[in-house]
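# Coordinate inspection notes
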Amino acid sequence: MTQRRHSGARSGPRRAPALTLERLEDRSLLSASPAFTLDLRGLAVTNDYDPSRILVVFRSSPVSLPGTTVGQALGLVDGLHEVQLDPGTPVQQALQEYQGDARVLSAEPDYNLTSSAVPNDPQFGQQWALQNTGATGGTVGADVHAVQAWNVTQGSRRVVVAVMDTGIDYNHPDLYQNVWLNQAEVPLSRLKNLVDVDGDGIITFNDLNDARNQGAFKIADVNGDGRIDAADVLAPMVKDAGGNDTGAGGWADGISQDGDKAHLDDLVGWNSNTNTNNPFDDNGHGTHVAGVIGATGNNGVGIAGIAWNVELMPVKFLNQNGQGSISQFIAGLNYAVAHGAQISNNSWSAGAFLSNDLLAAIGNARSRGQIFVASANNGGANNDTTPSYPSNFNLDNIVAVAATDRNDNLASWSNYGPTSVDLGAPGDSVLSTLPGNNYGTMSGTSMATPQVTGALALVWGQHPGWTYQQVIAQVLNTVDKLPSLAGKVATGGRLDVAAAVGATNAPASTPAVPVAPPVVQSATFSGPAPNVLSSARVTFDRAINPSSFDPADASLVGPGGQTVTASNVGVVAGTNNTTFDVAFGAQTAPGTYTLNVTGVRDTTGTPNQAFHATFAIDNAVTFSSTRPATVPPGGRAVSLLFVGNSFSLARLTVGLDITAPRTGDLYIHLQAPDGTDVVLAKYVGGPGQNFSGTYFDDRGTTSITAGTAPFTGTFQPYVPLSYFNGKNVHGYWKLWVEDLTGTYQNTLNSWSLSFTPNGGTATSSVTDEAIASAIELGALKEPRSSLGGE
């Protein structure tokens, strides 16, 4: 799968379950003489200097040259004096005169200095992602170079970032001043009395924490925590008997000031999970993400975010367990777009589950100019070949982010993608805010994503007139190129915030290192039926010379020690010579098989690192039904299969044979005895015909959504069968086949369940004890699937 990133809209959907979840270098200004060094550590030398004077070190007594007057001595350095320049005397001319005089030791401009933006936040030293000093096993400079960036900009509260997550602890001492305030919803009886203290054109919590904005008919510290925060404005307004504002209480007046009656009193964001105006974080994930983006910097509290000044719009669509639905997300995203969020941070994933509605919602955000920053997911997979959504949607407003560690390596658990993932950012053991005035570390692409979001916010704050494409391009075109990310992400680099904001003292990119050998990143095994091994799909970390990979380079060692040489090797189309299918004779004996791959070379001729992977053929027990069931046009059928054994399930494979004139009309799901219901196939195959010799197995190499009819062979189901793992198999299993189009009659011919028990083997005395019946649509009482259904 090849994608074009950020060159226009991505074409078509790909494939969602419930949505879940620099070192600051020593800067020393040296004189022209080895006699002294001015240690300006902690200060940044700018490119300009004072045009009215220079600094001169005299060997003995000072002397004034034409056009100048020697001024006061600077006693910390022997012989150092200020030298004032007469009007019209250029600095360079004065320097040449003094540097050419034998009585002078050195002469240089009086450079202007600015305090380097190392914040006074007490835990900043633990934020390796922002300034990596090499502590705790890290590599010096393996960070986003935030300190250099802050010398240029510290953000703008005119930039609104929607945190699409579990909410935000909007009372947190490191976050409360950067929480978004809905200007249009402030009650008019209060708004007319407020002062824009910082002169940025809007009323923010920074303004509200000034004494001029506190008191009657303004705002008060309702919750008594010593500051004005979101809890204070969300408090009910105190009204008199006639419903008039008494000037006390908060701003929640039950009146839609902005005319948006669907979001009443939405003063600081929205909770689309409960459809209320309180987006407080009851999980912790959203607060952690918010701190990475925009914890207030240099406030003497806790940590610093990438953007010290920003408006964080909390949009809570995930509940306290980190779960939410597509509809709740779309409602939240639509809210964010409608209320002016230029960027949304999406540190969550729907995995391989595709929703056209989700795609359409993000497309709507794109049409309104919003940047959608998305985590690449945490499965260690290649998103080019195994898509993860929403990061894989083909839309140019999506920025997909992988995670790096404190040594500038791709984190072992991070997903990646040479074309589908844009860049890396620090995501391992990232320190940030947590609810209840707390701090802690988390790891994941969830933590890498807000690093990029914060950088985009800084850039857009610098260039408010830019389009979303220009802002994205600025961040992607200034990454720090890393050998560890070459061939892993589209830019081949890690986020460099300093370069993105144009810091002239941004560190140089990490020097190149010798090319490492190609590495097999994954191997998936398959066969024509459950517990039959006949092929392996092998994926390398880079393009391979196809002529260097022949059957002799791959072998399979069986459980008895026998070696089986590959019969054929072929490149998988569309993978840019990174993925190959290796075929063997069919193996059926139970036990462990080991795949060995050696001697394969990349395009530079470098041989691969020796690879070994194992696959087990299980001792499985199979139950089957061969009683046909008719699926009438516009109707449904259910077939029941009774399992008399009792054991805990380790793995399940489902066999299926259906005569279907049009497979794209069918919705097929399986229900366990305890009611757990999983979708196997959902409107796949379009106008193609039949499921014939079809097996659903989580270990399949092809998703059923990517297959074509007739479906023959082994496929990954629409929703993983692993949802059944650990359950007792005893009782009635139900297979539902539904055709809601009303066009064709279909027939469920047969189906089977192959169970692998936990902790051993099981035998079956009953191989076909099934009850099958067709049920008309109107009589059907059972619900649709809860895992992957509609």
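This is a predicted model, so every value here is computed, not measured.

The rules we used
Residues numbered from 1 in each chain as written. Predicted model: local features only at pLDDT ≥ 70, side-chain atom pairs only at ≥ 80, totals over all residues. Heavy atoms only, no water. Helix = DSSP H or I, 4+ residues; strand = E, 2+ residues; numbered from the N terminus. Buried < 20%, exposed > 50% of the residue type's maximum accessible area, 1.4 Å probe, protein only. Pairing = 2+ DSSP bridges. Axes fitted to C-alpha atoms, helices over the stretch in contact; angles between N-to-C directions. Parallel < 35°, antiparallel > 145°, perpendicular 65-115°, else oblique. Contact = heavy atoms within 4.5 Å. Nonpolar A, V, L, I, M, F, W, Y, C, P; charged D, E, K, R; others polar. Salt bridge = Lys/Arg side-chain N within 4 Å of Asp/Glu carboxyl O. pLDDT = per-residue confidence, 0-100. Polar contact = N/O pair within 3.5 Å; in protein donor to acceptor, adjacent residues only side chain to side chain. Expected span 1.5 Å × (residues − 1).

To continue, consider the overall build of the protein. When its secondary structure is counted, the protein shows eleven helices and 40 strands. Here the protein, with 790 residues, has 53% of them falling under the buried criterion.

The four strands are arranged β22-β23-β27-β26 in an open sheet whose pairing can be described as antiparallel. Two strands close off the open sheet at either side, each with one partner strand: β22 (520-526) and β26 (568-571). Neighbour-to-neighbour, the strand axes of the sheet open up by a mean angle of 20 degrees, direction not taken into account. As paired elements, β26 and strand β27 (residues 579-587) share four bridges and run antiparallel to each other.

The strand order across the open sheet formed by four strands is β25-β24-β28-β29, and the pairing between neighbours is antiparallel. Two strands bound the open sheet, and with one partner strand each, they are β25 (563-565) and β29 (611-617). In this sheet, adjacent strand axes meet at a mean angle of 25 degrees when their direction is disregarded. Bridge analysis of strand β24 (residues 554-557) against β25 gives three bridges, and the strand direction is antiparallel. By the bridge assignment for β25, S555 is matched with T565.

Turning to unusual backbone geometry, a few remarks are in order. Geometrically, the link from Y389 to P390 is a cis peptide bond, its omega value of 15 degrees lying close to zero. Looking at the element boundaries, P390 is found in the loop between β15 (371-375) and β16 (398-404). With omega at 0 degrees, the peptide bond leading from A709 into P710 counts as cis. Checked against the element boundaries, P710 lands in the loop between β36 (691-696) and β37 (711-715). For H145, which is not glycine, the phi dihedral falls at a positive 60 degrees. With respect to the secondary-structure elements, H145 resides in the loop between β7 (104-115) and α2 (146-150). Overall, the relative accessible area of 2% leaves H145 in the buried class. Here N576, not a glycine, exhibits a phi torsion of approximately 55 degrees, which is positive. With respect to the helices and strands, N576 occurs in the loop between β26 and β27. Residue N576 is classed as exposed on the basis of its relative accessible area of 61%.

On to the pairing of strand β33 (residues 649-659). Of all eleven residues making up β33, eight are buried, and the element is well covered by its neighbours. Here β33 pairs with strand β39 (residues 746-757) via ten bridges, running antiparallel. Considered in β39, the bridge of R651 is made with T756. Here four bridges tie β33 to β36, and the two strands are oriented antiparallel to one another. Note that in β36 the partner of L656 across the bridge is T694.

Let's shift gears to the packing of helix α7 (residues 326-338) against helix α8 (residues 356-367). For the pair α7 and α8, interaxial distance at closest approach is 10 Å and the crossing angle is 5 degrees. Viewed along their axes, α7 and α8 adopt a mutual orientation that is roughly parallel. Between α7, through I326, F329, I330, L333, N334 and V337, and α8, the contact on the second element is made entirely by D357, L358, A361, I362, N364 and A365. Looking at the contact of α7 with α8 residue by residue, the classes come out as nine nonpolar, two polar and one charged.

This part covers the pattern of salt bridges. Scanning the entire structure with this criterion turns up 16 salt bridges. R537 is the partner of D581 in a salt bridge, and the nearest nitrogen-oxygen pair spans 2.8 Å. One end of the pair, D581, is in strand β27; the other, R537, is in strand β23 (residues 533-540), with 44 residues separating them in the sequence. A relative accessible area of 30% places D581 in the partly exposed class. Put simply, D602 and R542 hold a salt bridge, and the shortest N to O gap is 3.3 Å. With D602 in the loop between β28 (591-597) and β29 and R542 in the loop between β23 and β24, this residue pair connects regions lying 60 residues apart in the sequence. Classification of D602 by relative accessible area gives buried; the value is 3%. Since its relative accessible area comes to 22%, R542 is described here as partly exposed. Through salt bridges with shared partners, a single ionic network connects D225, R227 and D229.

On to the pairing of strand β34 (residues 666-671). On any regular strand, side chains alternate: one points to one face of the sheet, the next to the other face. Counting buried residues in β34 gives six out of six residues, a clear majority hidden from the surface. Residues L666, I668 and L670 line one face of β34 and the alternating positions Y667, H669 and Q671 line the opposite face, and both faces are buried. Here β34 runs beside strand β38 (residues 731-739); their pairing, made up of six bridges, is antiparallel. The residue of β38 that forms the bridge with L670 is L735. As paired strands, β34 and strand β35 (residues 677-682) are joined by five bridges and run antiparallel to one another. In the strand pairing of β35, Y667 is matched with K682. Linking two consecutive strands that pair antiparallel, namely β34 and β35, is a turn of five residues; a positive phi of about 95 degrees is found at G675 within it.

With that settled, the discussion passes to the confidence of the model for the protein. Summarising the model, the protein shows a mean pLDDT of 85, and 87% of its residues fall at 70 or more. Within the model, pLDDT remains below 50 along residues 761-783, and this stretch shows 55 contacts once partners closer than five positions in the same chain are excluded.

On to the environment of W270, then. The residue W270 is located in strand β11 (residues 270-271) in this model. Placed 65 residues apart in sequence, W270 and Y335 show a C-alpha to C-alpha distance of 7.6 Å. Sequence-distant contacts of W270, defined by excluding residues within four places in its chain, comprise A262, H263, L264, N275, T276, N277, P279, P314, V315, K316 and Y335. Looking at W270, its side chain comes within polar contact range of the side chain of N275, at 3.2 Å.

Side chains that are three or four residues apart share a direction in an α-helix, a result of its 3.6 residues per turn. Across its 13 residues, α7 extends 18 Å between first and last C-alpha, which sits within 8% of the 18 Å expected from 1.5 Å per residue. Of all the positions in α7, only I326, F329, I330, G332, L333, Y335, A336 and V337 are classed as buried. One or two positions beyond α7, positive phi appears at G340, with a value near 90 degrees.

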